[in-house]
Amino acid sequence: MKYFLLWCSISFSLLNVTAQNFDDYFIEKTLRIDYIFSGNDHSETISLDQMSQLPQWAGRKHNLSEIIRDGNGQISVFSSESNKCIYKNSFSTLFFEWQTTPEAKTVRKSFENTFLIPYPKEKVWVEIKLRDKKGFYQLAIRHLVDPNDILIKKKGASNPTPYHMIHRGDSTQNCINVVILAEGYTQVEMSKFRKHAQITCDEIFKHSPFNKLQDKFNIIAVETPSKDSGVSVPRTNKWKETALSSHFDTFYSDRYLTTSNVKDMHDAIAGIPYAHIIILANTEVYGGGGIFNAYTLTTTGHRDFNPVVVHEFGHSFAGLADEYHYEGGDIFDDTYPHNIEPWEPNITTLTKFAVKWKDMLAPQTPIPTPIESADKYKVGVFEGAGYSAKGIYRPAYDCRMKTNTCKDFCPACQRAIEQLVKFYTE
Ligand SMILES: [Zn+2]
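Predicted, not measured: the structure shown is a model, and the values here were computed from it.

Q: Please explain the coordination of the zinc ion as it appears in this structure.
A: Four donors placed tetrahedrally around a metal ideally meet at 109.5 degrees, and six donors placed octahedrally ideally meet at 90 or 180 degrees. Here the zinc ion is held by the protein donor atoms Glu323 (OE), Cys399 (SG), Cys410 (SG) and Cys413 (SG), which lie 1.9 to 2.3 Å from it. Donor residues for the zinc ion, ordered by position in the chain, follow E-x75-C-x10-C-x2-C. Here the residue Glu323 occupies a position in the loop between helix 6 (305–316) and strand 15 (382–385), and Cys399 occupies one in the loop between strand 16 (388–394) and helix 7 (411–425), the gap between them amounting to 76 residues. Since its relative accessible area comes to 0%, Glu323 is described here as buried.

See below:
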């Protein structure tokens with residue numbers, strides 16, 4: 001049971017005293033670990049697939065052993081000598097979404113998942129825990145990694161995919177490194193991709209708090225070429241050869257565009273400094289998705305490209321939840337059980353609201369806040385969020401995480417993003 005924000009503020013003050021140095025346990029390289037997640041609607045297994053070494057570390061160097069978003073899963077690294085936690089990160093994965101589909105009741109399937117950790121100096125234990133339906137984290141795999149293992153293949157040391165920095169912050173060392181990859185752009189379409197990558201960068205920085213935190217980011221455009229132009233649309237039998245093999249109809253849902261070829265994606269950017277991934281797909285069809293600490297994938301030819309890419313980055317970078325719900329009164333969706341507090345910072349079931357944005361409410365704000373009085377309260381507790389019209393609440397009448405027409409993130413989302421950026425960089 002975690003009182004998340006409270007725990008956070010306590011751990012921050014402790015960190016000032018006990019913070020470990022990056023150099024104590026790690027060298028300036030990345031250990032990339034590929035896993036296979038497999039299972040069905042009620043069980044999951046994680047198996048180690050491959051390990052590789054990348055030539056630099058482009059992730060955070062601060063608060064290494066802490067997290068501030070619980071995520072649907074957590075990867076932790078422990079010193080084999082002291083058993084002390086020396087690195088931790090949280091994530092989500094397409095596999096968890098698949099587990100909620102009807103197909104998962106009928107068959108076991110496997111999904112690739114890749115994690116980046118700083119390259120350890122000595123042997124370490126690596127552990128992955130997954131969040132169960134009650135919100136507790138259960139151990140799924142724990143294994144020893146010897147940094148001198150001869151089977152850890154070195155990748156990315158030469159001839160990386162062509163890339164250029166489109167936004168430079170303070171330095172690679174203290175910045176959050178974001179890469180933007182081309183999907184479904186042929187070699188001759190790369191100038192178009194460069195334009196779309198620049199729009200992505202500009203749109204993100206138009207939104208508060210990213211606008212005032214621009215120095216904290218490096219953004220790199222990676223020109224991953226595809227043989228064919230556009231992306232695959234299985235329902236019309238259109239299969240294309242593209243850099244990342246993405247396709248619509250993920251889980252038989254028309255608009256859901258994802259890639260399952262996670263290892264190919266990471267191979268394409270081996271040697272380039274990255275910690276967060278945005279994939280731009282060259283198609284006019286509306287679609288995409290964002291998976292926390294995995295990737296954003298969104299389409300560029302659609303008129304709503306600009307707001308959608310920022311919305312999806314809200315998911316993949318900041319772990320924000322969707323604040324919309326399906327219209328039609330009493331439509332329920334079981335993504336978020338109503339008796340458990342979700343880990344995402346911008347929705348609540350009111351089971352542990354104190355750890356969310358309660359401190360941002362003006363005195364006497366009614367909980368829940370009637371939608372008719374939305375004009376009166378800048379921050380409230382409005383029913384309808386996380387795909388459910390009832391039982392889940394959002395912080396504002398509208399937000400970038402709710403509609404494409406809203407201009408900004410709501411105050412609770414803005415605070416959550418800012419906290420995360422500071423956590424990564426300070
Ligand atoms: Zn919001």
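Q: I would appreciate a short explanation of the sheet that holds strand 5 (residues 109–120) in the present structure.
A: Sheets are built from strands paired through backbone hydrogen bonds, the pairs being either parallel or antiparallel. The strand order across the open sheet formed by 4 strands is 5-1-2-8, and the pairing between neighbours is mixed. The outermost strands of the open sheet, each flanked by one partner alone, are strand 5 and strand 8 (153–154). Here 2 bridges tie strand 2 (residues 44–54) to strand 8, and the two strands are oriented parallel to one another. Bridging from a neighbouring strand, Ser52 pairs with Lys153 of strand 8.

Q: What should I look at first to understand the nonpolar core in this one?
A: In summary, soluble globular proteins display a tendency toward joint burial of nonpolar side chains. Within the largest apolar cluster, 55 residues are counted, with the highest numbers of intra-cluster contacts made by Tyr35, Phe37, Val126, Ile128, Val179, Leu181 and Ile277. Both domains that meet at this core, namely domain 1 (13–154) and domain 2 (163–317), each give it at least three residues. Those residues within four positions of Ile277 in sequence are excluded, and the remaining contacts are Val179, Leu181, Met265, His266, Ile269, Ala294, Tyr295, Thr296 and Ser316. Among the nonpolar cores identified, the runner-up in size contains 46 residues, and Cys201, Phe210, Phe313 and Ile417 belong to it.

Q: Teacher, can you tell me more about the pairing of strand 12 (residues 276–281) here?
A: Side-chain positions along a regular strand alternate between the two faces of the sheet. Most of strand 12 is tucked away: 6 of the 6 residues are buried. Burial of the side chains of strand 12 extends over both faces: His276, Ile278 and Leu280 are buried on one face and Ile277, Ile279 and Ala281 on the other. Sheet topology note: the strand 10 (residues 176–183)/strand 12 ladder contains 6 bridges and is parallel. Pairing of Glu183 across the sheet is with Ala281, part of strand 12. Pairing of strand 12 with strand 14 (residues 295–299) involves 4 bridges; the strand directions are parallel. The partner of Ile279 across the bridge, within strand 14, is Leu297.

Q: It is not clear to me how the sheet that holds strand 14 should be interpreted in this structure. Could you clarify?
A: Taking strand neighbours across the sheet as the criterion, the 6 strands line up as 9-11-10-12-14-13 in an open arrangement whose pairing is mixed. Because the sheet does not close on itself, it has two edges, and the strands there are strand 9 (163–167) and strand 13 (288–291). Here the average twist between neighbouring strands, direction ignored, is 20°. Sheet topology places strand 10 next to strand 11 (residues 217–222); 6 bridges connect them, and they run parallel. For Asn177, the partnering residue across the bridge sits in strand 11 and is Asn218. Sheet strands touched by helix 6: strand 10, strand 12, strand 13 and strand 14. Its angle to strand 14, the strand with the most contacts, is close to 165°.

Q: I'm lost on the domain arrangement of the chain in this one. Help?
A: Where the parts come together, the accessible area they lose is often given as the size of the interface. Structurally, the chain comprises domain 1 (13–154) and domain 2 (163–317). On a C-alpha basis, the centroid separation for the pair domain 1 and domain 2 is 23 Å. Listed as interface residues are 29 residues of domain 1 and, on the opposing side, 25 residues of domain 2. Buried surface at the junction of domain 1 and domain 2, both sides included, amounts to about 2100 Å², of which 57% is carbon and sulfur. Put simply, Asp49 and Lys263 hold a salt bridge, and the shortest N to O gap is 2.6 Å.

Q: Mind showing me how you'd approach the packing of helix 4 (residues 190–206) against helix 6 here?
A: The N-to-C vectors of helix 4 and helix 6 enclose an angle of 65°; their axes lie 9 Å apart at closest approach. It follows that helix 4 is roughly perpendicular to helix 6 by the angle criterion. Considering the relative orientation of helix 4 and helix 6, their crossing is right-handed. On helix 6, the residues touching His196, Ile199, Thr200, Glu203 and Ile204 of helix 4 are Phe305, Asn306, Val309, Val310 and Phe313. A class-by-class count of the residues in the contact of helix 4 with helix 6 yields 6 nonpolar, 3 polar and 1 charged.

Q: Please clarify how the environment of Asn72 should be interpreted in this entry.
A: Its place among the elements puts Asn72 in the loop between strand 2 and strand 3 (73–79). Of the residues examined, Asn72 reaches a relative accessible area of 21% and is grouped as partly exposed. Through-space distance from the C-alpha of Asn72 to that of Ile33 is 18 Å; in sequence the pair is 39 residues apart. Excluding its chain neighbours within four sequence positions, the residues that come into contact with Asn72 are Phe91, Ser92, Phe96, Leu130, Arg131, Tyr137 and Trp343.

Q: What am I meant to see in empty space enclosed by the protein here?
A: Empty pockets left among the atoms are what a rolling probe the size of a water molecule brings to light. A full pass over the atoms with the stated rule returns 3 cavities of 30 Å³ or more. Empty space within the largest cavity amounts to approximately 650 Å³. Asn89, Leu116, Ala275, His276 and Asn293 are, among the 50 residues lining the largest cavity, the residues nearest its centre. Elements with a contribution of two residues or more to the lining of the largest cavity: strand 4 (85–91), strand 5, strand 10, helix 5 (262–268), strand 12, strand 14 and helix 7. Class assignment of the residues belonging to the lining of the largest cavity gives a composition of 25 nonpolar, 22 polar and 3 charged. Summarising the domain contributions, the lining of the largest cavity has at least three residues from each of domain 1 (13–154) and domain 2 (163–317).

Cut-offs applied
- Each chain has its residues counted from 1, running along the sequence as written.
- Where totals are concerned, whole chains, interfaces and linings use all residues; where local detail is concerned, this predicted model gives features only for residues with pLDDT of at least 70, and gives and counts side-chain atom pairs only at 80 or more.
- Only hydrogens and water are set aside; all other atoms, that is, all heavy atoms of the structure, feed into the side-chain values.
- Coordinating N, O and S atoms are those within 2.8 Å of the metal (3.2 Å for Na, K and Ca), and as water is not part of the atoms, a site may appear to have fewer donors than expected.
- Numbering of helices and strands runs from the N terminus; a helix is a DSSP stretch of H or I covering at least four residues, while a strand is a stretch of E covering at least two.
- Whether a residue is buried, partly exposed or exposed follows from its accessible area with a 1.4 Å probe, protein chains only, as a fraction of its type maximum: under 20%, in between, or over 50%, in that order.
- Strand pairing follows a simple DSSP-based rule, namely that at least 2 bridges must link the two strands.
- Here, nonpolar core refers to any group of buried Ala, Val, Leu, Ile, Met, Phe, Trp, Tyr and Cys residues whose side-chain atoms link them within 4.5 Å.
- What counts as a domain boundary in this text is fixed by an automatic or database domain assignment.
- Residue contacts are counted whenever heavy atoms from the two residues lie within 4.5 Å of one another.
- Every axis in this analysis is a line fitted to C-alpha atoms, fitted for helices over the stretch in contact. Angles between the N-to-C directions lie between 0 and 180 degrees.
- The term buried area means the drop in 1.4 Å probe accessible area that two parts suffer when joined, counted for both and summed.
- We count a salt bridge whenever a side-chain nitrogen from Lys or Arg sits within 4 Å of a carboxyl oxygen from Asp or Glu.
- Roughly parallel here means an angle under 35 degrees, roughly antiparallel means over 145, roughly perpendicular means 65 to 115, and every remaining angle is called oblique.
- Definitions for this section: a left-handed crossing has its near helix turned counterclockwise from the far helix by less than a right angle. A right-handed crossing has that turn clockwise.
- As a working rule, the residues Ala, Val, Leu, Ile, Met, Phe, Trp, Tyr, Cys and Pro are called nonpolar, Asp, Glu, Lys and Arg charged, and the rest polar, with Gly in that last group.
- In this analysis a 1.4 Å probe is tested at points of a 1 Å grid over the protein atoms alone, and where it fits but cannot get out there is a cavity; an open set with protein on both sides within 12 Å along at least five of seven lines is a pocket; lining residues have an atom within 4 Å of a point.
- Grid points are joined across faces, edges and corners, and a volume is the space filled by probe spheres set on the points.

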